[in-house]
Amino acid sequence: MKTIKVSVVTPDGPVYEADVEMVSAKAQSGELGVLPGHIPMVAPLEIGAVRLKKGNATELVAVSGGFLEVRPDRVTILAQAAERAEDIDVARAKAAKERAERRLQAKREDIDYNRAELALRRALNRLNVANRNF
């Protein structure tokens, strides 16, 4: 079966690089599926999981926004933050989730609720990817 090279890169460096059969990601315009030979495109990504199909296995990478660039032989994901499922510190993600929930429940003027909401979404995404809830 044909494959496509995938690179997931963050400002801290590469997170994932492999040849896969299919890439699925959540773009701002909706769910995208990319196969080898896909037309070139660029799409902004939402907070979500990138699913990478290799044979009978699917690998997951949690991304916190960024961009997906597709070329016929390569997919590059430039993410603000990204973690492979097996690299996620579940205890840290749970603590971030609880912290964000506390901020959202507090009724104080000095709290940036948009920032707390984004932090909660990132923490939930990391937990879902670590637990493979997709």
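Caption draft 1: Spotlight on helix H2 (residues 113-130). Between the first and last C-alpha of H2 there are 26 Å, a value that for 18 residues agrees with the 26 Å anticipated at 1.5 Å per step. In this structure, the buried residues of H2 make contact with strand E5 (41-54), strand E6 (57-71), strand E8 (82-84) and helix H1 (90-105). Positive phi shows up at Arg-132, right after H2, with a value of about 55 degrees.

Caption draft 2: Geometry of the side chain of Ser-7. Position of Ser-7 among the secondary structure elements: in strand E1 (residues 4-10). Setting aside chain neighbours within four positions, we find Ser-7 in contact with Tyr-16, Glu-17, Arg-74, Val-75, Thr-76 and Ile-77.

Caption draft 3: Summary view of a nonpolar patch on the surface. The grouping of Val-42, Phe-67 and Leu-78 at the surface amounts to a nonpolar patch, some 300 Å² of accessible area in total. Within the element layout of this structure, Phe-67 appears in strand E6. A relative accessible area of 46% means that Phe-67 is categorised as partly exposed.

Caption draft 4: Representation of the pairing of E1 in the model. Of all the seven residues making up E1, five are buried; the element is thus mostly covered by neighbouring parts of the structure. By the bridge criterion, seven bridges tie E1 to strand E2 (residues 13-20) in an arrangement that is antiparallel. Directly across from Val-6, in E2, lies its bridge partner Ala-18. Between E1 and E2, which pair antiparallel in sequence order, lie two residues. In terms of strand pairing, E1 meets strand E7 (residues 74-79) through five bridges, oriented parallel. Following the sheet pairing, Val-9 is matched in E7 by Leu-78.

Caption draft 5: Representation of the confidence of the model for the protein. Mean pLDDT over the protein stands at 92; residues scoring 70 or higher make up 99%. Ranking the helices and strands of the protein by mean pLDDT puts E1 first, with 97, and H2 last, with 91.

Caption draft 6: Up close: the environment of Gly-33. Here Gly-33 shows up in strand E4 (residues 30-34). Linking Gly-33 and Asp-12, residues 21 residues apart in sequence, is a C-alpha distance of 26 Å. Sequence-distant contacts of Gly-33, that is, excluding residues within four places in its chain, are made with Met-22, Val-23, Ser-24 and His-38.

Caption draft 7: Quick look at the nonpolar core. Judged by nonpolar contacts, the single largest core of 23 residues is most densely connected at Val-6, Val-75 and Ile-77. When contributions to this core are tallied by element, the ones reaching two or more residues are E1, E2, strand E3 (22-27), E4, E5, E6 and E7. Beyond its immediate chain neighbours, meaning those up to four positions away, Val-75 contacts Ile-4, Lys-5, Val-6, Ser-7, Val-23, Val-34, Leu-68, Glu-69 and Val-70. In this structure, Ala-49, Ala-62, Ala-85 and Val-129 belong to the second largest nonpolar core, which totals six residues.

Caption draft 8: Looking closely at the environment of Lys-54. Tracing the backbone through its elements, the reader meets Lys-54 in strand E5. Sequence separation of Lys-54 and Met-1 is 53 residues, and the distance between their C-alpha atoms is 10.0 Å. If we skip the residues at most four places from it in the chain, Lys-54 touches Tyr-16, Ala-18, Asp-19, Val-20, Glu-21 and Glu-59.

Caption draft 9: Here's a closer look at a positive patch on the surface. A cluster of like positive charges, contributed by Arg-92, Arg-99, Arg-102, Arg-103, Arg-115 and Arg-122, occupies part of the molecular surface. Listed by contribution, the elements that provide at least two residues to the positive patch are H1 and H2. At four residues, the largest contribution of residues to the positive patch is made by H1. Locating Arg-102 in the fold gives a position in helix H1.

Rules behind the numbers
- Residues numbered from 1 in each chain as written.
- Predicted model: local features only at pLDDT ≥ 70, side-chain atom pairs only at ≥ 80, totals over all residues.
- Heavy atoms only, no water.
- Helix = DSSP H or I, 4+ residues; strand = E, 2+ residues; numbered from the N terminus.
- Expected span 1.5 Å × (residues − 1).
- Contact = heavy atoms within 4.5 Å.
- Patch = residues over 30% accessible without salt bridge, like charges linked within 9 Å, V, L, I, M, F, W, Y side chains within 5 Å.
- Areas by Shrake-Rupley, 256 points an atom, 1.4 Å probe, with all protein chains shown as cover.
- Salt bridge = Lys/Arg side-chain N within 4 Å of Asp/Glu carboxyl O.
- Buried < 20%, exposed > 50% of the residue type's maximum accessible area, 1.4 Å probe, protein only.
- Pairing = 2+ DSSP bridges.
- pLDDT = per-residue confidence, 0-100.
- Core = buried A, V, L, I, M, F, W, Y, C linked by side-chain atoms within 4.5 Å.
- Lys, Arg positive; Asp, Glu negative; His and termini not counted.
- Charge placed at Lys NZ, Arg CZ, Asp CG, Glu CD.

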